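Next come the chains, spelled out residue by residue.
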There are 4 protein chains.
Amino acid sequence: MKPVCLVIGAGAGIGGNVGKRFARDGYHAVLCRRSDEEGLKSLVSEIESEGGSATGYILDASKPDSIEERIEAVEKEIGPIEVVLFNLGAQIGSRTLEDTSYKAFELGWRLATFGLFRLASTVVPHMVGRGKGTILVTSATASVRGNKGQHSHAAAMGGRRMLCQTLNAELAPQGIHVAHILIDGAVDAPDTLGKLLGPERFKELREKRGNEHDGLMLPEKMAETYLHVAQQHRSAWTHEIDLRAYSDLAWWNH
Amino acid sequence: MKPVCLVIGAGAGIGGNVGKRFARDGYHAVLCRRSDEEGLKSLVSEIESEGGSATGYILDASKPDSIEERIEAVEKEIGPIEVVLFNLGAQIGSRTLEDTSYKAFELGWRLATFGLFRLASTVVPHMVGRGKGTILVTSATASVRGNKGQHSHAAAMGGRRMLCQTLNAELAPQGIHVAHILIDGAVDAPDTLGKLLGPERFKELREKRGNEHDGLMLPEKMAETYLHVAQQHRSAWTHEIDLRAYSDLAWWNH
Amino acid sequence: MKPVCLVIGAGAGIGGNVGKRFARDGYHAVLCRRSDEEGLKSLVSEIESEGGSATGYILDASKPDSIEERIEAVEKEIGPIEVVLFNLGAQIGSRTLEDTSYKAFELGWRLATFGLFRLASTVVPHMVGRGKGTILVTSATASVRGNKGQHSHAAAMGGRRMLCQTLNAELAPQGIHVAHILIDGAVDAPDTLGKLLGPERFKELREKRGNEHDGLMLPEKMAETYLHVAQQHRSAWTHEIDLRAYSDLAWWNH
Amino acid sequence: MKPVCLVIGAGAGIGGNVGKRFARDGYHAVLCRRSDEEGLKSLVSEIESEGGSATGYILDASKPDSIEERIEAVEKEIGPIEVVLFNLGAQIGSRTLEDTSYKAFELGWRLATFGLFRLASTVVPHMVGRGKGTILVTSATASVRGNKGQHSHAAAMGGRRMLCQTLNAELAPQGIHVAHILIDGAVDAPDTLGKLLGPERFKELREKRGNEHDGLMLPEKMAETYLHVAQQHRSAWTHEIDLRAYSDLAWWNH
């Protein structure tokens, strides 16, 4: 039986590419995303056409029990989750304090912080029983510094990073690897960056920075590092790692 | 008319002492705490007996509109809030992931992160209109590192710190000073540490570390720094500052 | 006998203003600077004309034994050093790797890192004998992030900050307070910023940002915080604090 | 012609194992270490016996021109350096301020900070000419926090980390990848940890923590991550990464 790699947030950017990369490495990829059943199916087909195996689910992580029931069902029906990637973002663009409603502020936390807590609460008991497992968490610059207009996003991501550290402190000695992967640049992802910018500005950015195909961060290349981290020997685990394109300024520069 | 210093979380530790210190410096102290009307009254009396002025309110910050209505009432009935101290903690002791319920996890965020957002959303428009104001935020070691058993607390405090940075980025240029004050040691506070440890262990700790009266952090001494930060000239503002006793190991040591 | 406040690097910016502020608070200020005997004399006169007391010395900190001999002489001839401010910078402007000679790289370390080590090695035994003392260290953004063109400066300042932490870890329990004061903005200081920019650009910047006198950081206002930190009670010491003008972007923003 | 991987500090721990791993991946390994010609020869033989290629040199990095001449000679006689690992440590054990001589303090900087600067100054022009290259830097917990007794080590490592960031800011846009690899645990390395602890305590530690062979960090496993980082696509580069064993507490915990 193949080990399972579960991806929460498997769009056309990081999540989907990580799924594909793990599938190519022999994992069964379980791909969950909020919408676009078409896109999901074609992702599964693509993996299968390469000889890999995958299952796709539409999952609205903001709904109570959605993450929990999916994890339990995967454990029961597909197999032990060896790796899980929590890849939900909560970027809502730049908004002043005045323009950030209580609802928007809470939603950021609910998806980006509480979502990870729900996931960990559900999957960890399974992993502890097996004495192993990996939780990969995609994170953002906002997890280490709050910037203008990022009230909801930064609070959610700052909470997420501290949660990763508490999970790591408790779980590492039990053989469970938690990794916080800080993405510090613009990812070539139509589902997220594309929607944030709108089709025209996204196209423009791609044309301007995409020459040689790496002015933007390429998710299929990023997926290599996700796979590497998941396969580190337990005597040499990474808890925090950053990723950016050679052409990005690090967040501490500018 | 005296400038107003509003304290959210005015117990017998940091909050109450900051209130007293500002009152001694000529502010009208508005003291809010969740319970212990007796304690609140005696705090107000103490301030008045020193020649200062203060008003006390019982306020349950976890209730919708509680912070918001108090701020509006103070602005209307007492005077412009020049300084506000957000002093609500969310420490619930050390709990494993398994023993941290969704409710406990959410409550930490609701008090420690969302509470500050509600406060800022309400008070900032007043301050912006006046082109000045100070928001002091008591914070904890858990805002910069997640430790075992701190799932709820660290996530809440990490979010709080990133929120402070976003507020600062937006508000500093408008003349509003936001300061994140990291308390990295045990405070000699019967309401918080005392309750966490229980009366016997608290007494023991005080006897062991309280010799020369400063093995524990003394809130009346800490209050001096709160006052100083609130009175810094706007050409030399502090956004982040740490405080610990000489006998405490810094969080990065140990 | 007045307590002594020794300032290493007492130019017309932070150092001189800290000297003045402490003198006004009852300290005898011992002011050391590399050059400009005229400026030094007029600083001493200014302090004396306010009723304070001060002594000035020309001191080339890059010379072996210069710091050491001055400290010993002050301890012997003037009085116990209660507070010392290490205020030497090592900013040499932006230089590419290619344009940074081995000599320039070493000089940065020699002044900014090793200079502090020499100071601590000499003054700490005196302070340990008295069970108290304060070492204030002016630091720069380069101590927490390396930026383009800052090879020498950032390496020197990064070393300085880590040295402050080791000193703090060893000395705090012995009653000696070490504080790292991160200056994260442009200071209105003719000796440093003025020389770096040249008279014309400095004048321009002052005109552009100096309106209301606080677009630049005003050293006489910053000195208030230096004094406050030096007078914190030992149950509530600050090890790290940042300072910037309300109009500065924090280093983590931009 | 094989790409060259140059290792400065190729002992029996990280350095030697990284050399072996890169050789196995098709690089020619150039291995430099200060002493133990015997050990060096056997490392080269081991690589050759696996079908790889390597050259070994005794190199005293503390001597002027030693690093510089070796780099120039390798570029001229062996081939273009594609990857260089700077693996010199400067740990001298725990020493109080009093017991840290000026000489010891300076030596730490000379090896750990200035050594990297000399290496970068020499190798970067070659890499810039080729528009690519990788500089891997082994670093230590002391680069991010100063601990008691670490005056020399922490100052040197703090400077090293800030130097890595300045190099990265200048060189990344030119296609040169600089990575700071923070080792936050005890490495199973007889040359460094073994010498620091002495044979008996090292044996004891190995027996106590080495069960299941990964209580200590295993350098051959760590080498996998060094290789991965060196091979990241330039659209997804890591600048900072930490490594520790599952059984190590992260430096921010304890």
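The coordinates are above.
What comes next is a walk through the structure. (Residues numbered from 1 in each chain as written. Chains lettered and ligands numbered in written order. Predicted model: local features only at pLDDT ≥ 70, side-chain atom pairs only at ≥ 80, totals over all residues. Heavy atoms only, no water.)

Observations concerning the interface of chain D and chain A
Rule in force here: A contact between two residues is defined here by any heavy atoms of the two lying within 4.5 Å. Once two parts are joined, some of their accessible surface, as seen by a 1.4 Å probe, is lost; buried area is that loss totalled over both. Between Lys or Arg on one side and Asp or Glu on the other, a salt bridge is scored when a side-chain nitrogen of the former is within 4 Å of a carboxyl oxygen of the latter. For this analysis, a polar contact is any N or O atom pair within 3.5 Å, provided that within protein one partner can donate a hydrogen and the other can accept it, and provided that sequence-adjacent residues contribute only side-chain to side-chain pairs.
Contacts between the two partners involve 32 residues from chain D, matched on the other side by 32 residues from chain A. Together chain D and chain A conceal approximately 2,900 Å² of surface at their shared face, both sides included; 52% is due to carbon and sulfur atoms. The largest share of the area that chain D buries against chain A comes from Arg234(D), Ser235(D) and Tyr246(D), three residues that together contribute 24% of it. On the surface where chain D and chain A come into contact, there are 0 salt bridges. Connecting chain D to chain A are 18 residue pairs in polar contact (both at pLDDT 80 or more).

Remarks on the relation of the copies chain D and chain A
Short version of the rule: A least-squares fit on C-alpha atoms brings the copies together, and the residues used are those whose pLDDT is at least 70 in both copies.
The transform that puts chain D on chain A rotates by 180° and translates by 0.0 Å along the axis, for an RMSD of 0.0 Å. Taken together, the turn and the small shift mark the pair as related by a two-fold rotation axis. For chain D, the smallest separation between a C-alpha atom and the rotation axis is recorded for Ile241(D), amounting to 2.2 Å. Interface residue correspondence from chain D to chain A reaches 100%, placing this contact among same-surface, isologous pairings.

Thoughts on the pairing of strand β2 (residues 28-33) of chain B
Across a regular strand the side chains alternate sides, sitting on one face of the sheet and then on the other. Residue and element names in this part refer to chain B. Applicable threshold: Relative accessibility thresholds used throughout: buried, under 20% of the residue-type maximum; exposed, over 50%; partly exposed, between the two (1.4 Å probe, protein chains only). Numbering of helices and strands runs from the N terminus, with a helix taken as a DSSP run of H or I at least four residues long and a strand as a DSSP run of E at least two residues long. Look down the strands so they point away from you; if the path from the first strand over the helix to the second goes clockwise, the crossover is right-handed. At least two bridges found by DSSP between two strands are what make those strands a pair.
Among the 6 residues of β2, 6 are classified as buried, and the element is accordingly described as predominantly covered. The side-chain alternation of β2 yields two buried faces, one formed by His28, Val30 and Cys32 and the other by Ala29, Leu31 and Arg33. At this point the chain moves from strand β1 (residues 4-8), through helix α1 (residues 14-24), to the parallel β2, and the crossover so formed is right-handed. As defined by bridge partners, β2 adjoins strand β3 (residues 53-58) across 6 bridges and the pair is classed as parallel. Each residue of the ladder has a partner; that of Leu31, found in β3, is Gly56.

Here's the deal with the pattern of salt bridges
Following the criterion strictly, the structure yields 51 salt bridges over all chains and no others. Of the charged contacts, one joins Arg244(B) and Asp184(B) as a salt bridge, the two residues approaching to 2.7 Å between their closest N and O atoms. With Arg244(B) in the segment after β7 (240-243) and Asp184(B) in the loop between β6 (176-183) and α6 (193-197), the pair connects residues that are 60 residues apart, well separated along the chain. A residue is classified by how much of its surface remains accessible, and Arg244(B), at 4% relative accessible area, is buried. Residue classification places Asp184(B) among the buried positions, given a relative accessible area of 7%. In this structure, the salt-bridge partner of Glu50(C) is Arg24(C), at a minimum N-O distance of 2.9 Å. With Glu50(C) in the loop between α2 (37-49) and β3 (53-58) and Arg24(C) in helix α1 (residues 14-24), the pair connects residues that are 26 residues apart, well separated along the chain. Judged by its relative accessible area of 43%, Glu50(C) falls in the partly exposed class. If you follow the salt bridges from partner to partner, you end up with Glu106(A), Arg110(A), Glu106(B) and Arg110(B) in one network.

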